[in-house]
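What the coordinates show
The lines below spell out each chain.
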Amino acid sequence: MLREVFFVFVWFFAGLTFAISIGIPNGYGVATSLIFISSASLIYLKPKFFELEDDDKRLIYAFLAFGLSMFAFVLIDGFRLRDLDRPSRFILVLPVMLLLLQAKNHQVWLWYGVVIGSILGFGLAYYERQILGYPRAKGGEYPIMFGDTGMMLGMLSFVASTFFLSHKRHFWLALSLIGGLCGIGASVLSASRGGWVALPLIGFFIFWQSRFLLKKKTWLIIVLILTTLLSSAVLSPKTGIKQRINEAVSNINHYGNGVETSVGMRFEMWKAAWYMFQRSPVLGAGKHSSITEKEWLVEEKLINPKLIRFGHAHNEFFNALGYRGIVGLAFLLMVYLIPLRLFMKKINQYKDDWNIKPYAMAGALVPMCYMDFGLTQVMFAHNIGVMMYAFPIVYFWAALRWAERERLGKC
């Protein structure tokens, strides 16, 4: 009995990670700390590694390899202890995965957490913009990180709606649809344009995977409603979407004319990273050693002098190339593509099983979102970026595996 209650709390902490991730400043850190502390119980549970399935091990090896590779780059770059913090999360999350694989099926808490997190995130964003008068909602984070995480929560909420729809849980179905819109709303109020690209791409993925859940007429009504809402949001001056898009277009048009703009500075950062990659193609320039490289590029009048103060390239892929070379880019792609491949494999395997498929869709959605967000931001340079990637992937993988066991009658 005590064991069963403990497992309920473990999954509650997992759901709590989403529920308070951006609605409460540093909420994600509180929840992940609780579940990590809970993983100390593995001493008593004594899971057997050799009993894990091959796909479980592939995910473990991918996270372990990425974390250790980042440790190696820190060592090469002068070994500053604080630089070990973020990559260590990819290793510290592994005991949590082993714990969740032992914690009997209470994975539905994840859906509750995702929906609540989206709604709370929007509530905080609305409060900051409309009551406090902030120009951009940020929730204790950088606006980009807040907005991108909000967008991901919104997309996960729409996936949650497929689960609740298939199980005829209409109250939570309605809440999850509201949560989806709230997640998008939090992104809009953060004025973080990079995350907006994910909306049509991930939205189409969700639609395509769930297209047989509803009749064509129902889908048409949903698309019309969403199109109307989004069009209204874009055209409304209060949201600032149209203004931000116009700013981006103007920034691009003025690039190279001596005008310093947000988009133009990003182009300069990407150019600097590319120069550093060309000079150190295998292992890159290093995060701290790059300062010297940038100073040389400034002396050669190849980049804007103001770039020296920026700690990363505002693009996950260029950042990996410039600071860690082709080896670093290979490890980055590995930590994206291996989880994505594992979840997509399950989607194809259980394409008509809506007890399993939503968890696979949600798991696949996380690296998809991050690959999109990474075009304009270095997500792994921030605590929330690392935590809201590694932990959700582990959560949804464990949830999926329990759903598989239920199907096979092994629970």
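Residues numbered from 1 in each chain as written. Predicted model: local features only at pLDDT ≥ 70, side-chain atom pairs only at ≥ 80, totals over all residues. Heavy atoms only, no water.

The name given to the protein in an unreviewed UniProt entry is O-antigen ligase family protein, with Marinomonas colpomeniae as the source organism.

Thoughts on the overall build of the protein
Each helix and strand counted, the protein has 17 helices and 0 strands in total. The C-alpha radius of gyration of the protein comes to 22 Å, within 12% of the 22 Å expected for a compact globule of 411 residues. The principal-axis extents of the C-alpha atoms in the protein amount to approximately 70 × 50 × 40 Å. Counting across all 411 residues of the protein, residues that qualify as buried make up 55%. Looking at the protein alone, contacts between residues at least 24 apart form 77% of all its contacts between residues at least 6 apart. Accessible surface computed for the protein: about 18,700 Å², of which carbon and sulfur atoms make up 66%. (Helix = DSSP H or I, 4+ residues; strand = E, 2+ residues; numbered from the N terminus. Rg over C-alpha atoms; globule rule 2.2 N^0.38 Å. Buried < 20%, exposed > 50% of the residue type's maximum accessible area, 1.4 Å probe, protein only. Contact = heavy atoms within 4.5 Å. Areas by Shrake-Rupley, 256 points an atom, 1.4 Å probe, with all protein chains shown as cover.)

Considering the pattern of salt bridges
For the coordinates displayed, the defined rule picks out 11 salt bridges. Glu268 is the salt-bridge partner of Lys271, the closest N and O atoms lying 3.1 Å from each other. Here Lys271 and its partner Glu268 are both found in helix α13 (residues 262-279), 3 residues apart, which amounts to about one turn of the helix. The exposure class of Lys271 is partly exposed, given its relative accessible area of 28%. In this structure, Arg279 and Glu293 form a salt bridge, with 2.7 Å as the shortest nitrogen-oxygen distance. Of this pair, Arg279 sits in helix α13 while Glu293 sits in helix α14 (residues 290-299), and the two are 14 residues apart along the sequence. The class for Glu293 is buried, based on a relative accessible area of 17%. The network of salt bridges with common partners includes Glu53, Asp56, Lys346, Arg401 and Glu404. (Salt bridge = Lys/Arg side-chain N within 4 Å of Asp/Glu carboxyl O.)

Here's the deal with a nonpolar patch on the surface
Judged by side-chain polarity, Leu181, Ile221, Ile225, Leu226, Leu229 and Leu230 come together as a nonpolar surface patch covering roughly 470 Å² of accessible area. Here Leu230 is to be found in helix α11 (residues 216-235). (Patch = residues over 30% accessible without salt bridge, like charges linked within 9 Å, V, L, I, M, F, W, Y side chains within 5 Å.)

A word on the side chain of Glu268
You can call Glu268 buried: its relative accessible area is 10%. Among the polar contacts listed, one links the side chain of Glu268 to the side chain of Lys271, at a separation of 3.1 Å. (Polar contact = N/O pair within 3.5 Å; in protein donor to acceptor, adjacent residues only side chain to side chain.)

Here's the deal with unusual backbone geometry
The phi dihedral of Lys168 is positive, around 55°, even though this residue is not glycine. In this structure, Lys168 sits in the loop between α7 (143-166) and α8 (170-190). A positive phi is found at His314, a non-glycine position, where the angle reads about 55°. Mapped onto the secondary structure, His314 falls in the loop between α14 and α15 (316-349).

Brief notes about the packing of α7 against α8
Interaxial distance between α7 and α8 falls to 7 Å at its minimum, and their mutual angle equals 165°. On the basis of the axis angle, α7 is roughly antiparallel to α8. Crossing hand, α7 versus α8: left-handed. (Axes fitted to C-alpha atoms, helices over the stretch in contact; angles between N-to-C directions. Parallel < 35°, antiparallel > 145°, perpendicular 65-115°, else oblique. Left-handed = near helix turned anticlockwise from the far one by under 90°.)

With respect to helix α5 (residues 85-102)
With 18 residues, α5 extends 27 Å from end C-alpha to end C-alpha; this agrees with the ideal 26 Å at 1.5 Å per step. For α5, the principal kink sits at Ile91 and spans about 25°; a proline, Pro95, occurs within the next four residues. By the burial criterion, the buried members of α5 are Pro87, Ser88, Arg89, Phe90, Val93, Leu94, Val96, Met97, Leu99, Leu100 and Leu101. Along its buried surface, α5 packs onto α1 (2-19), α2 (27-38), α3 (42-45), α4 (54-76), α15 and α17 (383-408). (Expected span 1.5 Å × (residues − 1). Bend = angle between axes of the 7 residues up to and from the residue.)

Brief notes about the packing of aromatic side chains
As enumerated under the stated definition, the model contains 36 aromatic pairs in all. Arranged with centres 5.9 Å apart and planes meeting at 50°, the rings of Phe6 and Phe7 form a pair that is tilted. Its relative accessible area of 3% is what places Phe7 among the buried residues. Between Phe380 and Tyr389 the ring centres are 5.3 Å apart and the planes differ by 65°, which places this aromatic pair in the edge-to-face class. Across the pair, exposure class does not vary: Phe380 and Tyr389 are buried alike. The residue whose ring lies beneath Arg211 is Trp208, and the NZ or CZ to ring-centre distance is 3.8 Å. Cation over ring: Arg405 sits above Trp402, and NZ or CZ is 4.3 Å from the ring centre. (Phe/Tyr/Trp six-rings, centres within 6.5 Å; stacked < 30°, edge-to-face > 60°. Lys NZ or Arg CZ within 6 Å of the ring centre and 35° of its normal.)

Focus: the side chain of Ser39
Position of Ser39 relative to the elements: it lies in the loop between α2 and α3. What makes Ser39 buried here is its relative accessible area of 7%. When residues no more than four places from it in sequence are discounted, the contact partners of Ser39 are Pro95, Val96 and Leu99.

Looking at the nonpolar core
Proteins that are soluble and globular tend to have nonpolar side chains buried together. Counting residues in each nonpolar core, the largest one holds 105 residues, and the members touching the most others are Phe63, Tyr370, Phe380 and Phe396. The dominant element in this core, judged by the number of residues it contributes, is α17, at 17 residues. The contacts of Phe380, once residues within four sequence positions are left out, are Phe66, Arg86, Phe90, Glu316, Leu332, Val335, Tyr336, Tyr370, Gly385, Val386 and Tyr389. In terms of nonpolar packing, the next biggest core, distinct from the first, is built from 10 residues, Met265, Leu297, Ile303 and Tyr323 among them. (Core = buried A, V, L, I, M, F, W, Y, C linked by side-chain atoms within 4.5 Å.)

Overview of the packing of helix α6 (residues 109-131) against α17
Where α6 contacts α17, the two axes come as close as 11 Å, and the packing angle between them is 145°. In this structure, α6 contributes Leu110, Trp111 and Val114 to the contact, and α17 contributes Tyr395, Phe396 and Ala399. Taken together, the residues of the contact of α6 with α17 sort by class into 6 nonpolar, no polar and no charged. (Nonpolar A, V, L, I, M, F, W, Y, C, P; charged D, E, K, R; others polar.)

Points about the state of the cysteines
Taken as a whole, this structure holds 0 disulfides when the rule is applied. For Cys182, which is in no disulfide, the shortest distance to another cysteine sulfur is to Cys369 and amounts to 17 Å. (Disulfide = S-S within 2.5 Å.)

Structural notes on the environment of Ala390
Within the fold, Ala390 resides in helix α17. Separated by 226 residues in sequence, Ala390 and Phe164 have C-alpha atoms that sit 25 Å apart.

Looking at the environment of Thr32
Along the polypeptide, Thr32 turns up in helix α2. For the pair Thr32 and Gly374, spaced 342 residues apart in sequence, the C-alpha to C-alpha distance is 23 Å.

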